[in-house]
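Now for the letters of each chain:
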Amino acid sequence: MSVNRHPRLLTAGITFRDLVISGIDELPKLGEERYGTDFVATWGGVANTARIAASLGARVQLLTGLGDDPNSEMCRRELADWGIDLTPSPINHGWALPVTMSQARGTERAMTTVETVLPDPLPEPDLDGIDAVVTHVSVPADTWLHEAADAGIPVIADHGFEEGYDPGLLDAVSGCTCYTPNAAEAMQLTCTGDPVRAARALAEHVPVVVVTCGGEGIIGVDSRTSEEARIPAVAINPVNTTGAGDATLAGLAWSWGWQVSLARKLDVAALVGAIVTSRPHGTADPLTPEELLAWVPCDRERFGFLGELLGDSSD
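Scoring rules and cut-offs
- Residues numbered from 1 in each chain as written.
- Predicted model: local features only at pLDDT ≥ 70, side-chain atom pairs only at ≥ 80, totals over all residues.
- Heavy atoms only, no water.
- Pairing = 2+ DSSP bridges.
- Helix = DSSP H or I, 4+ residues; strand = E, 2+ residues; numbered from the N terminus.
- Axes fitted to C-alpha atoms, helices over the stretch in contact; angles between N-to-C directions.
- Contact = heavy atoms within 4.5 Å.
- Expected span 1.5 Å × (residues − 1).
- Phe/Tyr/Trp six-rings, centres within 6.5 Å; stacked < 30°, edge-to-face > 60°.
- Buried < 20%, exposed > 50% of the residue type's maximum accessible area, 1.4 Å probe, protein only.
- Lys NZ or Arg CZ within 6 Å of the ring centre and 35° of its normal.
- Parallel < 35°, antiparallel > 145°, perpendicular 65-115°, else oblique.
- Left-handed = near helix turned anticlockwise from the far one by under 90°.
- Nonpolar A, V, L, I, M, F, W, Y, C, P; charged D, E, K, R; others polar.

## Regarding the sheet that holds strand β8 (residues 108–114)
As summarised here, the arrangement of the four strands in space is β3-β2-β7-β8, forming an open sheet in which the pairing is mixed. In this open sheet, the two strands that pair with only one neighbour each are β3 (38–45) and β8. Direction aside, neighbouring strands of the sheet carry axes that sit 20° apart on average. Pairing geometry for strand β2 (residues 15–22) and strand β7 (residues 99–105), over five bridges, is parallel. Bridge pairing in β7 places leucine 19 opposite methionine 101. Set on the sheet, helix α2 (residues 70–81) makes contact with β2, β3 and β7; between it and β3 the angle comes to about 85°.

Structure follows, in structure tokens:
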């Protein structure tokens, strides 16, 4: 079976300048100083998803807000070097790219962000030839996202709760094709105490729901086909979880169009997220299909299908 290893993806949302310290033995308390083992400056938010998807082979366009500050200029240059098309992204004069400082200890992290709201909403993009849209959805959602989903272009949406959630969130994601909350977000949004029940409840509003559960794996419910899948986490030693959700989202979007079961697509997403999490520099380093194939001998029953689909990388 052949698969499209180079889908055309539009990634849309906010980009951050991420400054990440990992390898900390314990997150510092107020007034304490702790030491890490690694530091990396990279691009967070939707740019994380764009970078990982591009390194896997997707042809990626990025719709994000950029300013005229040094971080924005550096972002444009570095992402263009990765082959990401930033043509859809407007420049907002006088605005600066948000900056996040993240401290990572295994599966734990602490973050501080400096951010000002974009002065203008992101423009409606040209979706001609786009295979899927991947977005960090805003509330309310941009009208074009729901129009794209209605027109048959898959729209895969994520949204962070931060300190709470907007009561309009369910309406925002309900017009999308797929919603990918983590377990805590899904349970809070549905007022349930179990991620499986939460996924099923959300699937009454969104065609496909993918709930990430950290070390407990991923739950998927496709209300269009009545398919349910619960796949285990990939056994790795987590080093830097900053951007792990963005990487998982990239893996899901990259494999979305494959003619395989939902469980297989979740296996791809889980493996992409796990490999990124196991590295000190996380999403800052490239992730290639060859790295996914290297996992096949570790668990042929689970990942053997990758060898069948990706074994010939000549194209």
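## Here's the deal with α2
For α2, spanning twelve residues, the distance from its first C-alpha to its last is 17 Å, which sits close to the expected 16 Å at 1.5 Å a residue. The elements touched by buried residues of α2 are β2, β3, α1 (46–56), β4 (59–64), β5 (66–67) and β6 (91–92).

## What to know about the packing of aromatic side chains
Taken as a whole, this structure holds one aromatic pair when the rule is applied. Pairing tryptophan 254 with tryptophan 258 gives two aromatic rings, centres 5.1 Å apart and planes at 65°, and the pair type is edge-to-face. Classification of tryptophan 254 by relative accessible area gives buried; the value is 1%. Sitting over the ring of tryptophan 82, arginine 51 keeps its end group 4.1 Å from the ring centre.

## Here's the deal with the packing of α1 against helix α7 (residues 244–255)
Where α1 contacts α7, the axes come no closer than 8 Å and their chain directions differ by 45°. If you check the angle between α1 and α7, you find them oblique. Handedness of the crossing formed by α1 with α7: right-handed. Side by side, α1 and α7 meet where Asn48, Thr49, Ile52, Ala53 and Leu56 of the first sit next to Asp246, Ala247, Leu249, Ala250, Gly251 and Trp254 of the second.

## Digging into the packing of helix α8 (residues 262–277) against helix α10 (residues 300–310)
Interhelical geometry of α8 versus α10 gives an angle of 95° and a closest axis separation of 10 Å. On the basis of their axis angle, the class for α8 and α10 is roughly perpendicular. Facing Arg264, Asp267, Val268, Ala270 and Leu271 of α8, the residues of α10 in contact are Glu301, Arg302, Phe303, Phe305 and Leu306. Class assignment for the residues of the contact of α8 with α10 results in six nonpolar, no polar and four charged.

## Structural notes on the sheet that holds strand β14 (residues 227–231)
Spatially, β4-β1-β9-β10-β11-β12-β13-β14 is the arrangement adopted by the eight strands of the open sheet, whose pairing is mixed. The open sheet terminates on both sides in strands that have one partner only, identified here as β4 and β14.

Any functional reading would require information that these geometric values do not contain.
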